[in-house]
Amino acid sequence: VQLQASGGGLVQAGGSLRLSCAASGRTFRNYVVGWFRLAPGKERDFVAAIRWSGGTTYYADSVKGRFTISRDIDKNTVYLQMNSLKPEDTAVYYCAADRQVILSSTTRAGAYDAWGQGTLVTVSS
């Protein structure tokens, strides 16, 4: 599956953005789709993930209550709604997908084979 991430931009602290991850080549059926972020000088961090079948969601503690991951089955797209953004949310955000992500590996970048190109989110203070 090929992934196309979009929706990044510049926003003030407290603002909102919605990222999109669209699939091409095949559908997301039976995939786990995750969002990770990479900030300067830091490691790639897990943000959120969703199981396409059933819609179970997972979140990093740092974004719980502020970010919401969802899917649109008809559009074969996963969204990351980001509210109450903070300067520390500034990063390049990547979507990733894989069909064989077991529960214990959901937050591990290495568990995902397909990656999008990344979209930059900048939150100003």
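Here the structure is a predicted model, which means the values were calculated and not measured.

We now examine the nonpolar core. Of all hydrophobic cores here, the largest spans 40 residues; its most connected members are F28, W35, V78, L80, M82 and Y93. At the level of secondary structure, the elements contributing two or more residues to this core comprise β1 (2–6), β3 (17–24), β4 (32–38), β5 (45–51), β7 (67–72), β8 (77–82), β9 (91–98) and β11 (119–124).

Right, let's get into the packing of aromatic side chains. Taken as a whole, this structure holds seven aromatic pairs when the rule is applied. Residues F36 and F46 carry aromatic rings whose centres are separated by 5.6 Å and whose planes lie at 70° to one another, so their mutual orientation is edge-to-face. Of the two residues, F36 sits in strand β4 while F46 sits in strand β5, which places them 10 residues apart along the sequence. Note on F36: relative accessible area 1%, which makes it buried. Site record: aromatic cluster; members linked through ring pairs are F36, F46, Y94, Y112 and W115. Against the face of Y79 rests R18, its NZ or CZ located 4.1 Å from the ring centre.

In this structure the tally under the stated criterion is one disulfide. Across the disulfide from C21 sits C95; the S-S distance is 2.3 Å. An S-S torsion of about 70° defines the bridge between C21 and C95 as right-handed. Here C21, found in strand β3, pairs with C95, found in strand β9; they are 74 residues apart in sequence, far enough to count as distant.

Right, let's talk about the environment of G34 for a bit. Tracing the backbone through its elements, the reader meets G34 in strand β4. Under the relative-accessibility criterion, G34 is labelled buried at 0%. Linking G34 and A96, residues 62 residues apart in sequence, is a C-alpha distance of 5.1 Å. Apart from residues no more than four positions distant in its own chain, G34 is found in contact with A48, A49, Y94, C95, A96 and Y112.

We now examine the environment of P40. By secondary structure assignment, the location of P40 is in the loop between β4 and β5. Residue P40 is classed as exposed on the basis of its relative accessible area of 76%. It is 14 Å that separates the C-alpha atoms of P40 and T119, two residues lying 79 residues apart in sequence.

Inspection of the secondary structure puts T106 in the loop between β9 and β10 (114–115). Not counting residues within four places of it along the chain, the set of residues in contact with T106 comprises F36, F46, A49, R51, Y58, V101 and Y112.

On to the pairing of β1. Alternating positions in β1 separate cleanly, L3 and A5 being buried on one face and Q2, Q4 and S6 remaining unburied on the opposite face. Across five bridges, the pairing between β1 and β3 is antiparallel. Looking at β3, one finds that L3 is bridged to A23.

What counts and how
- For every chain, the first residue of the written sequence is number 1, and numbering continues from 1 along that sequence.
- At least 70 in pLDDT is required for a residue's local features to be given in this predicted model, at least 80 for side-chain atom pairs to be given and counted, and no such filter applies to totals for whole chains, interfaces and linings, which use all residues.
- As a rule here, side-chain values cover all heavy atoms of the structure and leave hydrogens and water aside.
- Only buried Ala, Val, Leu, Ile, Met, Phe, Trp, Tyr and Cys residues count toward a nonpolar core, and they belong to the same one when joined by side-chain atoms within 4.5 Å.
- Only protein chains enter the accessibility calculation, which uses a 1.4 Å probe; a residue is then buried when its area is under 20% of its type maximum, exposed when over 50%, and partly exposed in between.
- Secondary structure elements follow DSSP: runs of H or I of four or more residues count as helices, runs of E of two or more count as strands, with numbering from the N terminus.
- Each Phe, Tyr or Trp ring, with Trp reduced to its six-membered ring, pairs with another whose centre is within 6.5 Å; inter-plane angles below 30 degrees give stacked pairs, above 60 give edge-to-face pairs, and intermediate values give tilted ones.
- Here, a charge over a ring means that NZ of Lys or CZ of Arg falls within 6 Å of the ring centre while also lying within 35 degrees of the ring normal.
- A pair of cysteine sulfur atoms is labelled a disulfide when the two atoms are within 2.5 Å.
- Any pair of residues with heavy atoms lying within 4.5 Å of one another is described as a contacting pair.
- A pair of strands is considered paired only if DSSP assigns at least 2 bridges between the two.

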